[in-house]
Structures are given as structure tokens and as C-alpha cells.
Amino acid sequence: MGNPRVKTDRKPPPAGRPAAPGIRQSMSGLHTWVGLLLGWVLYAMFLTGTVAYFKDELSQWMRPELPHQTEVPDQALVAQRVADALVAIAPGSPQWSLRLPDARNNSVYAFWRTAAAPGQRGFGEASFDPATGRKVTSRETMGGDFFYRFHFQFHYMPVIWGRWIAGVAAMFMLVAIVSGVITHKKIFVDFFTFRWGKGQRSWLDAHNALSVFGLPFHAMITYSGLVTLMALYMPWGEQAAIRTPAERQQLTAELSAFIQPGKPSGETAPLASIEDMVRHAQERWGRDNVGRVTVTHAGDAAARVAVARGEAGRVSMSPQYMEFEGPTGRLLAVHEGVGAAAETRGVLYALHLGRFSDSVTRWLYFLVSLAGTAMVGTGLVMWTVKRRQKLADPERPHVGFRLVERLNIAGIAGLSIAMAAFLWANRLLPQGMADRASWEIHGFFIVWALTLAHAALRPARTAWIEQLWTAAALLALLPVLNAATTRRPLWHSLAEGDWVFAGTDLLCWGLAGLHAVLAIRTARHQPRLRPARKPDRDPMAGAALRKGEA
Amino acid sequence: MSHLPPLLLALAGFTALAFATDRQQHDLLGRPLPPSATRALRIAGAAALLLALGALVAWKGWGLGLVMFSGHASLAAGVVLGALILRARAAARAPKR
Amino acid sequence: MTAVAGWIRGIGPLVSRIVAALFGGYALAALASVAVLALPMSKPQAVLTGMLASFAVYAGAVIWVFAARSARRAWTGLLVVAAPLLLAAWSVW
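Each chain has its residues counted from 1, following the order in which its sequence is written. Naming scheme: in the order in which they are written, chains are lettered from A and ligands are numbered from 1. Only residues with pLDDT of at least 70 get local features here, since the model is predicted, and only at 80 or more are side-chain atom pairs given and counted; chain-wide, interface and lining totals rely on the full set of residues.

Asker: I would appreciate a short explanation of the overall build of chain B in the present structure.
Answerer: Each helix and strand counted, chain B has three helices and zero strands in total. Starting at the N terminus and walking to the C terminus, you meet the elements of chain B as α-α-α. The principal-axis extent of the C-alpha atoms belonging to chain B is close to 50 × 30 × 15 Å. Our exposure labels follow a C-beta count within 10 Å of each residue's own C-beta, placed from the backbone: buried means 20 or more other C-beta atoms, exposed means 12 or fewer, and partly exposed covers the counts in between. When each of the 97 residues of chain B is scored for burial, the buried share is 34%. By definition, any uninterrupted DSSP run of H or I lasting at least four residues is a helix, any uninterrupted run of E lasting at least two residues is a strand, and each is numbered from the N terminus.

Asker: Quick question: what am I supposed to make of the overall build of chain A here?
Answerer: From N to C terminus, chain A includes 20 helices and seven strands. In chain A, buried positions account for 44% of the 550 residues. Residue pairs in contact within chain A that sit at least 24 positions apart in sequence constitute 71% of those at least 6 positions apart. Residue pairs are scored as contacts if the distance between their C-beta atoms, which are placed from the backbone, is within 7 Å.

Asker: Looking at this structure, I do not really get the arrangement of the chains. What am I missing?
Answerer: If you rank the two pairs of chains in contact by how many contacts each has, first place goes to chains A and C. Without any contact between them, chain B and chain C keep their closest C-alpha atoms 19 Å apart.

Asker: Just checking my understanding: could you explain the sheet that holds strand S3 (residues 122-128) of chain A for this structure?
Answerer: In any sheet, the strands associate via hydrogen bonds between backbone groups, in a parallel or an antiparallel arrangement. All names here are of chain A. With antiparallel pairing, the seven strands of this open sheet are ordered in space as S3-S2-S1-S4-S5-S6-S7. Strands at the two margins of the open sheet, each flanked by one partner only, are S3 and strand S7 (331-335). Within this sheet the neighbouring strands show an average axis-to-axis angle of 15°, counted without direction. Paired strands, as defined in this entry, are two strands with at least two bridges between them according to DSSP. Of the strand pairs in this sheet, strand S1 (residues 95-99) and strand S4 (residues 290-296) are connected by five bridges, and their pairing is antiparallel. When the bridges of S4 are listed, Arg-99 appears paired with Arg-292. Each of S1, strand S2 (108-114), S3 and S4 touches helix H4 (residues 75-89); the most contacted strand, S2, lies at about 35° to it. What counts as an axis is a line fitted to C-alpha atoms, over the stretch in contact for a helix, and the angles between N-to-C directions run from 0 to 180 degrees.

Asker: Is there a simple way to explain the environment of A:Phe150 in this structure?
Answerer: All names here are of chain A. Note on placement: Phe-150 falls in helix H5 (residues 145-153). Given 25 C-beta atoms within a 10 Å radius, Phe-150 is considered buried. Linking Phe-150 and Ala-52, residues 98 residues apart in sequence, is a C-alpha distance of 9.7 Å. Not counting residues within four places of it along the chain, the set of residues in contact with Phe-150 comprises Thr-48 and His-155.

Asker: Is there a simple way to think about the nonpolar core in this case?
Answerer: For soluble globular proteins, the rule of thumb is that nonpolar side chains tend to be buried together. Note on definitions: a nonpolar core is a set of buried residues drawn from Ala, Val, Leu, Ile, Met, Phe, Trp, Tyr and Cys, linked by C-beta atoms within 7 Å. One finds A:Leu174, A:Val175, A:Ala420 and A:Ala421 to be the most contacted residues of the largest nonpolar core, which totals 159 residues. Sorting elements by how many residues they give to this core places helix H3 (residues 35-93) of chain B first, with 16 residues. Excluding anything up to four places from it in sequence, A:Leu174 contacts A:Thr222, A:Tyr223, C:Phe55 and C:Ala59. In terms of nonpolar packing, the next biggest core, distinct from the first, is built from 35 residues, A:Ala76, A:Leu86, A:Leu271 and A:Ala281 among them.

Asker: Got a minute to help me understand the pairing of S4(A) in this structure?
Answerer: All names here are of chain A. Burial of S4 is extensive: seven of the seven residues sit out of reach of the surface. Taken together, the six bridges between S4 and strand S5 (residues 304-309) define a ladder with antiparallel strand orientation. Its bridge partner being in S5, Val-295 is matched across the sheet by Val-305.

Asker: Is there a simple way to explain the packing of helix H6 (residues 159-183) of chain A against helix H9 (residues 215-228) of chain A in this structure?
Answerer: When two helices pack together, you describe them by how their axes are tilted relative to each other and by the distance separating the axes. Residues and elements named next belong to chain A. Close contact between H6 and H9 brings their axes to 9 Å; oriented N to C, the two are set at 145°. Along this stretch, H6 crosses H9, giving a crossing that reads as left-handed. Contact with H6, carried on its side by Gly-167, Ala-170, Met-171, Met-173, Leu-174 and Ile-177, involves His-218, Ala-219, Thr-222, Tyr-223, Gly-225 and Leu-226 of H9 and no other residues of that element. In terms of residue class, the contact of H6 with H9 is made up of eight nonpolar, four polar and no charged. Rotating anticlockwise by less than a right angle from the far helix to the near helix defines a left-handed crossing, while the corresponding clockwise rotation defines a right-handed one. Here the term charged refers only to Asp, Glu, Lys and Arg, the term nonpolar to Ala, Val, Leu, Ile, Met, Phe, Trp, Tyr, Cys and Pro, and the term polar to all other amino acids, Gly among them.

Asker: Is there a simple way to think about the domain arrangement of chain A in this case?
Answerer: Much of the literature gives interface size as the accessible area that the parts lose upon coming together. All names here are of chain A. Where a domain begins and ends is set by an automatic assignment or by a domain database. Segmentation of chain A into domains returns domain 1 (21-63 + 141-243), domain 2 (75-140 + 255-344) and domain 3 (389-533). The C-alpha centroid of domain 2 is placed 34 Å from the C-alpha centroid of domain 1. Counting residues at the interface gives five residues for domain 1 and six residues for domain 2. Tallied by class, residues from the side of domain 1 that touches domain 2 come to no nonpolar, two polar and three charged.

Asker: I keep staring at the interface of chain A and chain B and nothing clicks. Help me out?
Answerer: Between chain A and chain B, the contact holds 24 residues from the first and 25 residues from the second. Breaking the side of chain A that touches chain B down by element, the ones donating at least two residues are helix H8 (202-213), H9 and helix H15 (359-388) of chain A. The dominant element in the side of chain A that touches chain B, judged by the number of residues it contributes, is H15(A), at seven residues.

Asker: Hey, could you run me through the interface of chain A and chain C in this one?
Answerer: Taken together, the contacts link 33 residues of chain A with 29 residues of chain C. At the level of elements, helix H1 (23-37), H6, H9, helix H10 (230-233), helix H11 (236-241), helix H12 (245-255) and helix H14 (340-353) of chain A are the ones that each hand at least two residues to the side of chain A that touches chain C. Per-class residue counts for the side of chain A that touches chain C are 23 nonpolar, six polar and four charged.

Written out as C-alpha cells, the structure is:
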């Protein structure tokens, strides 16, 4: 039976000059190289981003001293409590802002601009206990926010650089998606008719299946990722059109609920009741659906308060907030609508972050995003699988092949180890250690570097198996470590109905199982090392872009 | 209302759509179904998917409903596709009749 | 010398395409994001529309550059699209 798999790149070239490659062939080449070049960056962005869908839960798990929250505390009371604390901690601050606790979050994160010398922009930040209004006294950690931030700005480099790298990678991803769709458009014409390869083509099968069924998500997440930072990547229209402070204010108001500090009056006047203002917002948006309170020039007669709507229940990040006069508590305005383009941006932004989700939808996000991670991973592995058979001497592959092979091991299996190690460090580093939060992160990178060294020194297949087993073991033992080092072991959290802790422990086991299966399959797999059919072919010139000329 | 009915509807929908293709009829049944049955499967599959969408939109509104629908649809399509691949693999490994 | 020339002739079109895709594509996207300002909408909406659409323009440009039959055609195509955008952008800059 003929194999209807698309194979235009095997067409014999016409005599004489090699013909210009067909569109499908050039797109296939583009897909291969765009996917490979930043593939490891994309894989890391995908995996840490996937985990970041549970960043709030992970942050709770990483601060085991904070008690399990059985119900959301009254946000109005909490807002007043923390606002009082901030008035004392950050006197004269031009702006401070606090994120209220919700169903997923049991602490109040606040930041404030310090009243610094002119021209200087200082920030302070802290987490507060909603019950007492005092600073949280848990272990020092960045929590799940580390994965979240790493996902779009990396680490050990200026934030802007990281964001540009992430943007370039996302753009590569977008091109890889479009070119992949063009190359394999047959899949979409009749989804279930596509002939799945048998036996040897398992990597291509997996890559195709993961790409196709998650395609709406992959396309959405890539484009919306670019949109989250679009003002950084494409500032030209803004620079051309927005020239006066008033126009800037107008644009900012379309994008963010952070009210900007104006000029203080210099006259002191205490803030009116924040509790009453939040009550007002609760009546409008629901008891547990107030997101954030931002205050400018607290203590000054010109103080303003913005109480913003929470993110649950609406697929949009467009600003919706009530604005109050600080000293009197008088409602100045309710901002609830933005222009069409701003709303489009707000929807895309919300779709990317998925914070509106209930827990089932969050799991759907997680699973499909994990499929996206696997799509990138299988794509990377496929590059080596396809080329291994064509190597002139499989015992001594050329340097490009070896580089990709080793980077794959550390980039895929090694990243799992490093991420697990980050959680281990959270449980093992001593509480009072200086720079503890930073050392958790250093631990992540040290372990990741070690996996790269290991991948470079061991034979490739052995390195894969050893690293996958290491990741499986680290993940499987994490609940044990948690039981040994905290007072919230799995049996306890299950009995308490503490699904943040129980869920994290169980998810670790699930992921450990996944790594173990991969390790076993890798160990069982016998690579076919056929000698290349055309040993005279220069292996360095194996560029897919020129495949048709062979 | 919960997330289960839409997920089951999406699974049923994609299964019906899969059985409506020549290839799967050949691989799974060994013979083509009559055109009328194929058409019925195609309509039933599309109807199940639309019903899942309708249920979610009625429950949560268009914004959340569409997002949840694409999540359920992706998951269901992945499950059906995965099952078909596994089955094809198993059939390939088994001795030829 | 001839070997170097041959190497350049071999690799040149590919490098040319890569440059066209990376920088030509970005320039076209940036130009489009400014050209949107000429549309009859309020400034903030136009600015945001330009930003939102720019990545689709960029991706489309990259695909075009590698789909075109030759590197020269790829560049020509970019320039042909850029010309009206440049006119529109000129009117608002």
C-alpha cells in the first residue's frame, strides 16, 4: 500500500540546474531550522510557562509556614489591614499597590515606590499575612514566580535583554507554526485520515499528534505571548503618535488599572476608610472578586485610590476599576470599558495568562501547554533521529550533530532535573540563610549546568537514560522530602482537604511516572544504525534547505 | 452543570468524526460504511461538538465558554487521536491476517 | 579566489534571505504599525491596533521571503509592500 505521507522533498530533480524548491519543501526547511535554532530556549519557555499556570499554588507549597486557607478572607478587612501597614512602612511613597488574597492566594503581595531623591526610582516589596496585616515570616523564596519570570525574562541578565530574547524566540515559534501548517496542511484537510507512520516513525507521529490537536492553543499562546510585551517589541507607532503627557495618560488608561501619581499638594490629610471603598467594589463585582488596591500619595490631600476588579470570571485583562478621592472616600469614576483595540489586547493578554480559569480550565491549560512543551521537545529530538540514519559514520558524528544531541539532553531531561532541584533547595536550604531566595535560584542553574556537563561527558543514550531516571527519582522523592521537612505531609493534606499541598505532591508523582516511562522507553529503544546510503555526501552540508538537491 | 458533559460530548463527537473517514473505516472495520451512515456519523459528530459548545456558552457566557470549549475539544481530539495511533500500532505489531 | 567566489555564490542567496526575513521583516512590521496611524481612529486605538497586527505582518513577511522563488524576488516583494505603507506612515510621522 502506498504511503500517502507528504514527501515532496524526495522528488528527483530535473536534469541540469536544480529546480527552485517547491513551497512545501522550502517551508519544511524553514520549519526545521527555525525550530532548531532557538528550540532549547523555546522548550524552556514552554515548560516553565506551563508550570507557571500553577504559580500561585506552587508559591503556597514553597511557603509551608503559611497556613492552608480554607476560605477567602473578607477582602475589605484585609485591604484596610494591609493599607494601615503600608502607611507605616512606606510614608511619603508616591504610589503603592497591593494584591488582595483570593481563592488561589493566601498572602497579600504589595509593592511601593520609595520617596527617593529626584530622578531615582526606588521600589520596595513585601508579602503580608492577610490575617494580621504583618509581613509574612515564611522562608525567603521567590516561589512559583521564579518559573513565571524565567519564562519571559530568564535570569542573570538585564530584564530587557531577557524579554527581547523571549520575543525573538516567540517570533521564531510563530514562524515555525505557520511553516509547519503549510508543510503538513494535509493533516488539517482530513484530520483523522492522515496516515500515521508505523513503528519507526514514532517521533514524527508524536510530534504531529501533539502539534495538531493543540494547534489552536499553540498559535494563541505564541501570538498572545508577543502581545503581552508588544509595547517593548513594536514601540514605533507609540513613538510617532503619543507626544504629550495627556496622550500618554490616555493610552495608559486603556492598558492598566495602576493610577499614576500626579503632583502632591503638600497638605497632609489621612486616607479615608479603604474598607468602605473595597466594600463598594465588592457590591459591584462580587465578594471575592476585588483584585488590587492602588493608592497614590497616601497621606496627602491629593491622594487617589483605585480599586480594581479581580481576574476571575472574565476573559480580559483590560482595566476595570473604581477611582476614589483619598481623603474623602468619594467615588470619582468607574472605569469599565476600553476601546476595541485595547479590549482585543486585554482578551489576548488574559488568554495567555489564564488567570480567569476555574480549576478544571486551569488543568486543561496545563495539559495542552504540556503537550506544546512535548511538541517542541519531540521536534528537537526528531532533528537528531532523522539525521542519525544519514550520518556517514554513526560512530563518529560531526560536531553539529553532537552539539544538538547533547544540548537536547541537558535542555530537555536536564531542565526537569534543575526544576526539581529548585524545589528540593526550597525544602533543604537553612531558613535563616543569607540571600536564601537567590540561592534557591543559583541551585537551579548550578544543577542545570551539571546536567550539561554530564550530557557532554557520557555517551548520548546513557546520558538520556541516567538523566531521565534522575528527574524521575527527584520528583518521586519530593513528597517524601516534604513529609520529612514540613508539618504538612501528603496524608495530612489529604485529610485536611488541602488540595494545594496534596495536588503538588500528587502532580510530582505523576510527572515522576512520566519521566520513568520515558527512561524505560529510551532504554528499550534500539537505534538503527544503518550506514549511510551515500557516504560520499558531505555531512556538514546536510542542510534541509538543500535536501532536494541530493 | 459541570465540566464532564461537555468533555464527554467532545469525545463522542471526535470519535464519530473519526469513524466518518474512509481511512478509519478501513482500518477499524475492515470495510467502508454505506455513504448514508458516513453522512450520519459526520452530522452526529458535528452536532455533538456544537452541543458541547452550546452547553459551555450557556453555562459561562461566550468568553469563558469559548475558551473552555477549545480546551475540551483539544483534549478530546488528543485522546481520540492518541487512541487511534495506539490501535494502529498494535495492529501493525500483530501478525497479518 | 574562485573557491571563495563560488562559496559566496552558493551561500549568498541564503544569507540574503535570512537578512530579508530577520531585518526586512521587522522593518516591514514596524512600518505597518506606524502606517495604521493613518486610519481614521483615535490615537490610542490606532497605536494598539498597529502593535497587535505587526507580528502577523512580520510572520507573513518571513514566510514570503522563504517561499519566494529567488532571493531577489523575496526582496522585491518586501519593497513592493513597503512602498504604500511608507506613504501612509509618512503622512502621520
